[in-house]
Amino acid sequence: MTLEGGDGVGKTTQSTLLEEWLTSQGRTVVRTREPGGTDVGNLIRDIVLHHRGEVAPRAEALLYAADRAHHVATLVKPALARGEVVIQDRYLDSSVAYQGAGRELDPGEVRELSLWASDHALPDITVLLDLAPVLARRRLDADDKPFDRLEAEREEFHVRVREHFLALAASEPGRFLVLDAARPAGELAAEIRARLEPLLAGGVGGRG
Ligand code: TYD
């Protein structure tokens, strides 16, 4: 399963709660993230998030896709093959929403690129934690973390990212669970558990 949404919506909190619950159910959980998650991925993460100066949009999209290709092939697929549950912070929907929101690239092409990179691996469930960018910004400010390149983007960009995420969710209602991230973390966690339970009972083993 994957967690998606803008920066500051509480993805880390939810993946921690979910990991605790799954572990208490006797499941082996692999928690990972993109960009990053592997050695190669962390090198790519450093370029896409911390490089000073411009990275051409197509190059940026290819870097995220390269990270994804390596991550899926070397970490996610082997874990799923062992029957483990993968909880992943961000996946291809982030590429479509963020690189698409930059307006230079066609969101459909970004998606195709990602699907090629991942050999068409899609998660069973994607939780979209939806929050107005002004509220997310307030949470990030309260955390007092330094901003990376994307977090420092203008609000208008983050509004477009949110719209892209919501459109993606609307186009694949079977995969997405959209939750209002302004609600209490415990309530959100309960809804996520309820959505996952039948899949786990069905012996799917939590693909992606
Ligand atoms: P994230 O790991 O959530 O950052 P943080 O460490 O601050 O929680 O995500 C890093 C940024 O990368 C985020 O702003 C979204 C962006 N991103 C893309 O633009 N495209 C992608 O394909 C992915 C996976 C992330």
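Residues numbered from 1 in each chain as written. Predicted model: local features only at pLDDT ≥ 70, side-chain atom pairs only at ≥ 80, totals over all residues. Heavy atoms only, no water.

(A) Representation of the sheet that holds strand S5 (residues 176-180) in the model. As summarised here, the arrangement of the five strands in space is S2-S3-S1-S4-S5, forming an open sheet in which the pairing is parallel. Two strands bound the open sheet, and with one partner strand each, they are strand S2 (29-33) and S5. Within the sheet, the average angular offset between the axes of one strand and its neighbour, ignoring direction, is 20°. In this structure, strand S1 (residues 2-4) lies alongside strand S4 (residues 126-130), joined through three bridges in parallel fashion. Considered in S4, the bridge of threonine 2 is made with threonine 126. Set on the sheet, helix H8 (residues 185-201) makes contact with strand S3 (85-89), S4 and S5; between it and S5 the angle comes to about 165°. (Pairing = 2+ DSSP bridges. Helix = DSSP H or I, 4+ residues; strand = E, 2+ residues; numbered from the N terminus. Axes fitted to C-alpha atoms, helices over the stretch in contact; angles between N-to-C directions. Contact = heavy atoms within 4.5 Å.)

(B) The arrangement of the packing of helix H1 (residues 11-24) against H8 in detail. In the contact formed by H1 and H8, the axes pass within 10 Å of each other and the chain directions differ by 50°. When the interaxial angle is binned, H1 and H8 end up oblique. Crossing angle aside, the handedness with which H1 passes H8 is right-handed. Contacts between H1 and H8 involve Thr13, Gln14, Leu17, Leu18, Trp21 and Leu22 from the former and Ala185, Leu188, Ala189, Ile192, Arg193, Leu196, Glu197 and Leu200 from the latter. (Parallel < 35°, antiparallel > 145°, perpendicular 65-115°, else oblique. Left-handed = near helix turned anticlockwise from the far one by under 90°.)

Keep in mind these numbers describe shape, not what the thing actually does.
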